[in-house]
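Here's the letter readout for the chains.
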Amino acid sequence: MALRTCSRRAALALALLVFGVISPVTASVTSAAGTTKPEIRLSGEAARRLLSAYDHTYKLRETVPLYANKVGPFHNPSETYQYYDLPFCEPVDGKVSKREDLGEVLEGDRMSSTPYSVPFRVDRDNESLCHRTLGAKDLKRFRKAVKDDYYFQMYYDDLPIWGFIGKIEKILKPGAPEMRYYLFTHVHFDIAYNGDRVIEINVSTDPLRTVDITDEHSVDVEFSYSVKWKETHIPFDRRMEKYSRYSFLPQHLEIHWFSIVNSCVTVLLLTGFLATILMRVLKNDFLKYTRDDDAAEEAEETGWKYIHGDVFRFPRHVSLFCAVIGTGTQLFAMVLFVFVLALVGVFYPYNRGALLTACIVLYALTAGIAGYVAANNYRLMGGQNWVRNVLLTGFLFCGPMFIVFSFLNTVAIAYRSTAALPFGTICVIIVIWALVTFPLTVLGGIAGKNAKGEFNAPCRTTKYPREIPALPWYRSTIPQMVMAGFLPFSAIYIELYYIFASVWGHKVYTIYSILFIVFIILVIVTAFITIALTYFQLAVEDHGWWWRAVLCGGSTGCFIYGYCFYYYYARSDMSGFMQTSFFFGYMWTICYGFFLMLGNIGFRASKLFVMHIYKAIKCE
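Residues numbered from 1 in each chain as written. Predicted model: local features only at pLDDT ≥ 70, side-chain atom pairs only at ≥ 80, totals over all residues. Heavy atoms only, no water.

As annotated in an unreviewed UniProt entry, the chain carries the name Transmembrane 9 superfamily member and comes from Micromonas pusilla.

Participant: Teacher, can you tell me more about the sheet that holds strand β11 (residues 186-194) here?
Facilitator: Paired through their backbone hydrogen bonds, the strands of a sheet run either parallel or antiparallel. Within the open sheet, the 4 strands sit side by side as β6-β14-β11-β12. Their pairing is mixed. Across the chains shown, the open sheet's two edge strands, defined by having one partner strand only, are β6 (124-134) and β12 (197-205). For this sheet the average axis-to-axis angle between neighbouring strands, irrespective of direction, equals 20°. As paired elements, β6 and strand β14 (residues 219-231) share 8 bridges and run antiparallel to each other. When the bridges of β14 are listed, Arg124 appears paired with Val227. Its contacts with the sheet put helix α4 (residues 136-147) on β6 and β14, and the angle it makes with β6 is roughly 120°. (Pairing = 2+ DSSP bridges. Helix = DSSP H or I, 4+ residues; strand = E, 2+ residues; numbered from the N terminus. Axes fitted to C-alpha atoms, helices over the stretch in contact; angles between N-to-C directions. Contact = heavy atoms within 4.5 Å.)

Participant: Got a minute to help me understand the side chain of Asp310 in this structure?
Facilitator: Tracing the backbone through its elements, the reader meets Asp310 in the loop between α7 (294-298) and α8 (318-343). We classify Asp310 as buried; its relative accessible area is 1%. Only 2.8 Å separates the side chain of Asp310 from the side chain of Arg313, close enough to count as a polar contact. Contact partners of Asp310, with chain neighbours within four places excluded, come to Thr462, Tyr464, Pro465, Arg466 and His543. (Buried < 20%, exposed > 50% of the residue type's maximum accessible area, 1.4 Å probe, protein only. Polar contact = N/O pair within 3.5 Å; in protein donor to acceptor, adjacent residues only side chain to side chain.)

Participant: In this structure, what is going on with the sheet that holds strand β10 (residues 178-184)? I would like to understand it.
Facilitator: Taken in spatial order, the 3 strands of this open sheet run β9-β10-β13, and their pairing is antiparallel. The two strands at the open ends of the sheet, each matched to only one other strand, are β9 (166-171) and β13 (210-212). When the angles between neighbouring strand axes are averaged without regard to direction, this sheet yields 35°. Here 6 bridges tie β9 to β10, and the two strands are oriented antiparallel to one another. Across the sheet, Glu169 pairs through a bridge with Arg180, a residue of β10. Contacts from α4 reach β9 and β10, with the element oriented near 105° to β10.

Participant: How should the packing of α8 against helix α10 (residues 367-380) be read in this particular structure?
Facilitator: How two helices pack is summed up by the angle between their axes together with the distance between the axes. Following both chains from N to C, one finds α8 and α10 inclined at 150°, their axes separated by 7 Å at the closest point. In this structure, α8 crosses over α10, and the sense of that crossing is right-handed. Mapping the contact onto sequence places Val318, Ser319, Cys322, Ala323, Ile325, Gly326, Thr327, Thr329, Gln330 and Ala333 in α8 and Ala367, Ile369, Ala370, Val373, Ala374, Asn377 and Tyr378 in α10. Counted by class, the contact of α8 with α10 contains 11 nonpolar, 6 polar and no charged residues. (Left-handed = near helix turned anticlockwise from the far one by under 90°. Nonpolar A, V, L, I, M, F, W, Y, C, P; charged D, E, K, R; others polar.)

Participant: What exactly am I supposed to notice about the pattern of salt bridges here?
Facilitator: Oppositely charged side chains can pair when the atoms bearing their charge come close. Using the criterion set out here, one finds 13 salt bridges in the structure. A salt bridge links Arg239 to Asp157, with the shortest nitrogen-to-oxygen separation between them at 3.0 Å. Linking Arg239 in the loop between β14 and α5 (241-245) with Asp157 in the loop between β7 (150-156) and β8 (159-164), this pair joins segments that are 82 residues apart in sequence. Looking at Asp157, the relative accessible area reads 2%, which means it is buried. Close ionic contact of Asp215 with Arg180 constitutes a salt bridge, the shortest N to O distance being 4.0 Å. One end of the pair, Asp215, is in the loop between β13 and β14; the other, Arg180, is in strand β10, and 35 residues separate them in sequence. Connected through salt bridges with shared partners, the residues Glu178, Arg180, Asp212 and Asp215 form a single ionic network. (Salt bridge = Lys/Arg side-chain N within 4 Å of Asp/Glu carboxyl O.)

Printed below as a string of structure tokens:
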């Protein structure tokens, strides 16, 4: 254990040296084995503070890092601004911005130092922060913040805390009621500790210590704060459990579980019902098509056996079709890897930007899957221009996503929001795509192009395609997509609310095991309903099932996007052009990804089914 501790501190010291925080003064440290090893000695108060913040251990009266993150309307989670965009008290020695990683920048975090002095285990009563004279411009900004229900977010020892800027009071008067705007001027910190570690922190504002900012005249304001420490027996490794149980909005776990179980039972009953019908019909078909009596030989073939010479005819737009299958396979693999990380506990509450970072890295690393699957299928279907196919695969998802991102980032820049990515971060993402994602797609495409194997169809394809008979309207593509998407969507309908409330609200979602079960049910139901519709399509002698399977499988993504409109207008209080564009823009990108992923699931399930039933009968 001592060796491990020494190695970890030496590694941290080396990292600090790289960032220029400490100077390389050689010293020595004796390990538990009695050997002397060189160590980098910390020099300076900044390095010592960083070491304390690294392992979250502090001495009495030692400074604990407190950063102000952002402010914004409570009901518009994407519309966030820097904390000091409002005229709060600034540090006397100037603001110091915290270095953020990629995920934190993507989350819109922009943390800066604050003038609050909250040392470890030091109580403070009515400590003055600063005196300010708020002019007409400052009062207007604060009034807008109070009117839009602005909140602020800070981090104390990596623990998130929130509070509101002010409040509105309605004064009843003869005629029309008058609205008065009040600014909170006092903040109280309640902090719990266990030994030498911070365990919990809560912030509250004093409703009695406010300043009326309704009028346009300048106002003298004194901002103040107080701190109260208390001891707790909660261990350090459980300090984040509080955020799993609570958030701004209450979570009703019992209702959540009941909804999930109810959804699962309903979907299983419907799936079992369809399975029973489909298996009975298939059994009758097999008996009819495999009997050897003379009457059967002289009878005219009908149904899905009648089109055995056309059912394995490759679809039109083969390159695009293979690109969809390859990209869908990549997204499916990426989602599975994300679930693995979630189930092992990587995405604990308020692990800032971890999920977005994981998605970017995993998407880049799984790009080879898309290239291989697309190029291999393209080769099996007789395609020749594999370079065009690989390029199409590489841009099929990234291209639309980049267009949407460019528009939304421009909107965020116009609003001067922290949701706007800095130029350096955009360059990092482009470099990741150019040096990792696209090369892996090309390498996967080369491997798929040179892979062995042929497309072994159970039946020989005729030279000329058979004409598809006239069909009723409800057997066309759009009605079939509606029927195909409804059942899978019903499996995730209840869970969608909790996911949306977490992504587009202030809830915390931590039940990844339940979400994984729902995802598996979604995949199973999508596969089954696509198989059923493929059978019904072949039974009426319509052999164009390839694209239909993709469209029916991916139609759940269209239902999810339709749910976005319901959630936005009926279940949320979001408003404003920026929040609206962010919500519908990024949700379109997510639903498009679901369309590709579930379309791939639907096609693969239908392909296995079609191969199986045509192998089971005698066909030339």
